[in-house]
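Now for the letters of each chain:
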Amino acid sequence: MFKRLLQRMLLLGFLSCTGAAQVLNFPTSAIGSHAMATDMMQTAEMDFDLFTLNTRDENGSPIQSPSASVSELDLKAPGKARREYEKGFQLLMRKDWQGAVEHLGNATEIYPSFVAAHNALGSTYLGMSQNEQARQEFDKAVALDDHLPNSYLNLGCAELALKQYPAAEESLRKASSIAPLDLQLQTALAYGEFLNHDYPAVIATAGGVHARKHKGAAVVHYFAASALAAQDNLVQAQHEMEILLQEDPKSSSADQFRQILQQIKTEQVTRAEAKLHPAQTLTLSLDTPSGPAPEQTLRSAQQVLQDLKEKSQIAEAEAEPDATCAECGATPVLASAAHSSSSLNTSGLVSSGAKFRAIVDEVSIFFAATDHGKSATNLTASDIEVRDDNRPPHAILGFRNESELPLRMGLIIDTSNSITDRFSFEQEAATKFLQTVVTGKDDLAFVVGVNNSVLLVQDFSADQGNIARAIQQLAPGGGTALWDAVAFGAEKLAGRAEVQPVARVLVVISDGEENMSSISLKQAIASAQRGEVAVYTVSTRDFADGDPSAELGDHALRTLSELTGGAAFVPGSIRRLKGSLADLQQVIRGRYLVSYKPDSFQRDGRYRAIDIKAEKDGRKLKVYARKGYYASVAVPASNDR
């Protein structure tokens, strides 16, 4: 009950901005004497809270907040402090400011490390327009636990209210960096960037949002149009307004948007006709839409419907690969690999997948081999046989043990409600695992917690102390957006610029239950395949539970690992988790990279199967490797240089 109350408190991450953004004053100093620009729109009082996005219902789902994560410190709050907090929270929701201040102040006095109480008290002060006191409380929340995005959002809102725009932009940017997939935080960031006159940043943020599914966040195009207009780029400002109307044509503010769009067009015509006069910089004073923000769809359903959805996604992911790749002509990278028909029950690996070098038609593929469950770490090129499209390669160009390569690892830890009773053990096991794997001087790892949202609690780092601290700061609660987290982790690994070859590995510790992602299992797998990222999964399901739906989670995890060239580990009990992670550590450090030139190779977009066999001292070994790739369509010679 107390944890649910803490999660509901996260909604105040948006509510607290009410006092900070009551008036949207877009700068008008650059307009000069241009009467048309002055008449376009008058600055108006906001009729809605930009950042609540229909989350005012205190009984609403935490998915509508930037994070359903709570601070690990709050779970240690003594009973007396909790009771004071609960009373203060209820009074805050009723906007009884004085009563809320009294009880929330008592809570923080009894337990000074109460992060949620400091956030709630700051929100109360913000509601009372006591903005500096609000900022101080949010500062305390951040200082106590610096991995919660809602604390940084609250701090940014207080700084907006104080018109400390550079600091506000920095706080909002920090919030969005921790929860990088949260569209509402991205929207808040674009708003803060605009008020700080950081127009290129507004445009970049809007572009990032537009590149993903962003239902309910079309308003970022509104900010982008304003930033472009402030830079005197009316052509692109017009384009952003047109996109806004295409994405949200039924908005209650659609008529207002159309008026703004027409005024931009008219201004362009006026400027074209006034060739003898220098162009004036136009800054739009845009009313914030006066109607309610787009509703957020709550992805909740009965378990039976969720199971059917998960079964459908698994079947979709396991379907046979298409004969040809429709998208392969766009890039000279063999990004898509098909699924493995074998089942991985213990340790296995295939990773970074098939990579195609355009100049020499070279395929490089990672694989691992085991001998009765133990990694074979002493293989040579003469110990393996490769067949590509059912033919031996034209030539083996290279063979190396991947332990020679720097490691890039992403660790995804499920922090949803379904693993609450075993979470502390998972934290301990995950910390020890990273300490034994990330040991090279050039190795780097990042940590993601996933519940309703994807939280980057530690970016790429070689500091084991920081990594361990980030893991220990996580606390369980909420649903599971697992496929969103996998896609994010794969894209983060693939997107990091490297000056030398590296091994990219994603490790997922979860029970496989999925109910919150915006993408499917198949899409998450495709993201890992494109980035040449091997995904290793470790199930936390306890066989003793006997829950049929839990078996679906294991099936999904196994499918994810097999189709990305990783391996699935199913300990069967929490007591065996450390053993499975130890096996995984051995596999990760025992992978190989083989490079070869395919025989009779043509860039025709066709799927080419790969089969790798290994034998050592007369014993056949179990090999784990990607099962194929799509040969990219030929591109002009000038693009291959």
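None of the values given here were measured: they were computed from a predicted structure.

**Student:** Sorry if this is basic, but what is going on with helix α8 (residues 149–161) here?
**Tutor:** Each turn of an α-helix holds 3.6 residues, which means side chains three or four residues apart point in the same direction. Between the first and last C-alpha of α8 there are 19 Å, a value that for 13 residues agrees with the 18 Å anticipated at 1.5 Å per step. Taking burial as the measure, the 13 residues of α8 include 13 buried ones, the bulk of the element. Trailing α8 by a residue or two, Lys-163 shows a phi angle of about 60°, which is positive.

**Student:** Even after reading the chapter, I still don't get the environment of Gly-122, so can you show me in this structure?
**Tutor:** Relative to the helices and strands, Gly-122 resides in helix α6 (residues 115–127). By relative accessible area, Gly-122 is classed as buried at 0%. Once the C-alpha coordinates of Gly-122 and Asn-154 are considered, the two residues, 32 residues apart in sequence, prove to be 8.0 Å apart.

**Student:** What should I look at first to understand helix α21 (residues 577–588) in this one?
**Tutor:** Helix length check: α21, at 12 residues, gives a terminal C-alpha distance of 16 Å against a target of 16 Å (1.5 Å per residue), a fit within 8%. Of all the positions in α21, only Leu-577, Ser-580, Leu-581, Leu-584, Val-587 and Ile-588 are classed as buried. All buried residues of α21 project into a common sector of 115° when viewed along the axis, lining one side.

**Student:** Sorry if this is basic, but what is going on with the packing of helix α18 (residues 482–495) against helix α19 (residues 521–530) here?
**Tutor:** Where α18 contacts α19, the axes come no closer than 8 Å and their chain directions differ by 10°. It follows that α18 is roughly parallel to α19 by the angle criterion. Across the interface between the two elements, Trp-483, Val-486, Ala-487, Ala-490 and Glu-491 of α18 pack against Leu-521, Ala-524, Ser-527 and Ala-528 of α19. The class makeup of the residues in the contact of α18 with α19 is 7 nonpolar, 1 polar and 1 charged.

**Student:** Help me out: how do you make sense of the pattern of salt bridges in this one?
**Tutor:** Between side chains of opposite charge, a pair can form when the charged atoms approach closely. Throughout the structure, instances matching the rule amount to 20 salt bridges. In this structure, Lys-76 and Glu-72 form a salt bridge, with 2.9 Å as the shortest nitrogen-oxygen distance. Across the pair Arg-619 and Asp-371 runs a salt bridge whose closest N-O atoms are separated by 2.8 Å. Here Arg-619 is found in strand β14 (residues 619–625), whereas its partner Asp-371 is found in strand β2 (residues 362–371), with 248 residues between them in sequence. Taking the relative accessible area as the measure of exposure, Arg-619 reaches 38% and is therefore partly exposed. By relative accessible area, Asp-371 is classed as buried at 17%. A network of salt bridges, in which partner residues are shared, links Asp-388, Asp-389, Arg-391, Arg-606 and Arg-608.

**Student:** What exactly am I supposed to notice about the pairing of strand β7 (residues 444–450) here?
**Tutor:** Consecutive side chains along a regular strand alternate between the two faces of the sheet. In terms of residue burial, β7 counts as a mostly covered element, since 7 of its 7 residues are buried. As judged from the 7 bridges shared by strand β6 (residues 407–414) and β7, these two strands associate in the parallel manner. In the strand pairing of β7, Met-409 is matched with Ala-445. With helix α16 (residues 423–437) bridging β6 and the parallel β7, this β-α-β connection has right-handed handedness. When β7 meets strand β8 (residues 454–461), the two strands line up antiparallel, connected through 5 bridges. Counterpart to Ala-445 in the pairing with β8 is Ser-461. Between β7 and β8, which pair antiparallel one after the other, the connecting turn spans 3 residues.

**Student:** How should the sheet that holds β8 be read in this particular structure?
**Tutor:** Through backbone hydrogen bonds, the strands of a sheet pair up, either in parallel or in antiparallel fashion. Strand order in the open sheet formed by 6 strands is β8-β7-β6-β9-β10-β11, and the pairing between neighbours is mixed. Looking at strand neighbours, the two that pair on one side only are β8 and β11 (568–569), the edges of this open sheet. Strand direction decides the pairing type here: strand β9 (residues 503–510) and strand β10 (residues 534–539), joined by 6 bridges, are parallel. When the bridges of β10 are listed, Ser-510 appears paired with Ser-539. Against the sheet, α16 touches β6, β7 and β9, its axis set at about 175° to β6.

**Student:** I'm lost on unusual backbone geometry in this one. Help?
**Tutor:** Working note: non-glycine residues mostly have negative phi, and peptide bonds are mostly trans. Phi is positive for Lys-163, close to 60°, though the residue is something other than glycine. Considering the arrangement of structural elements, one finds Lys-163 in the loop between α8 and α9 (165–178).

**Student:** Explanation requested: the nonpolar core in the structure shown.
**Tutor:** For soluble globular proteins, nonpolar side chains are generally found buried alongside one another. In this structure, Met-409, Leu-434, Val-507, Tyr-536 and Ile-588 are the most contacted members of the largest nonpolar core, which totals 98 residues. Take this core: its biggest share by element is 8 residues, from helix α12 (residues 219–230). Once residues within four sequence positions are removed from consideration, Ile-588 is found in contact with Leu-407, Met-409, Phe-433, Val-437, Val-505, Val-507 and Tyr-536. Leu-456, Leu-506, Ala-528 and Leu-560 belong to the second largest nonpolar core, which has 31 residues in total.

**Student:** Looking at this structure, I do not really get the side chain of Asp-389. What am I missing?
**Tutor:** Assignment of secondary structure puts Asp-389 in the loop between β4 (384–388) and β5 (395–401). Overall, Asp-389 belongs to the buried group, its relative accessible area being 18%. Side-chain polar atoms of Asp-389 contact the side chain of Arg-391, separated by 3.2 Å. Polar side-chain contacts of Asp-389 include one of 2.9 Å to the side chain of Arg-606. Discounting residues that sit within four places of it in the chain, Asp-389 has contacts with Arg-606, Arg-608 and Ala-609.

Cut-offs applied
- Residues numbered from 1 in each chain as written.
- Predicted model: local features only at pLDDT ≥ 70, side-chain atom pairs only at ≥ 80, totals over all residues.
- Heavy atoms only, no water.
- Helix = DSSP H or I, 4+ residues; strand = E, 2+ residues; numbered from the N terminus.
- Expected span 1.5 Å × (residues − 1).
- Buried < 20%, exposed > 50% of the residue type's maximum accessible area, 1.4 Å probe, protein only.
- Arc of directions from axis to C-beta.
- Axes fitted to C-alpha atoms, helices over the stretch in contact; angles between N-to-C directions.
- Parallel < 35°, antiparallel > 145°, perpendicular 65-115°, else oblique.
- Contact = heavy atoms within 4.5 Å.
- Nonpolar A, V, L, I, M, F, W, Y, C, P; charged D, E, K, R; others polar.
- Salt bridge = Lys/Arg side-chain N within 4 Å of Asp/Glu carboxyl O.
- Pairing = 2+ DSSP bridges.
- Right-handed = clockwise from strand over helix to strand, strands pointing away.
- Core = buried A, V, L, I, M, F, W, Y, C linked by side-chain atoms within 4.5 Å.
- Polar contact = N/O pair within 3.5 Å; in protein donor to acceptor, adjacent residues only side chain to side chain.

It is worth stressing that arrangement in space is one thing and function is another; only the former is reported here.
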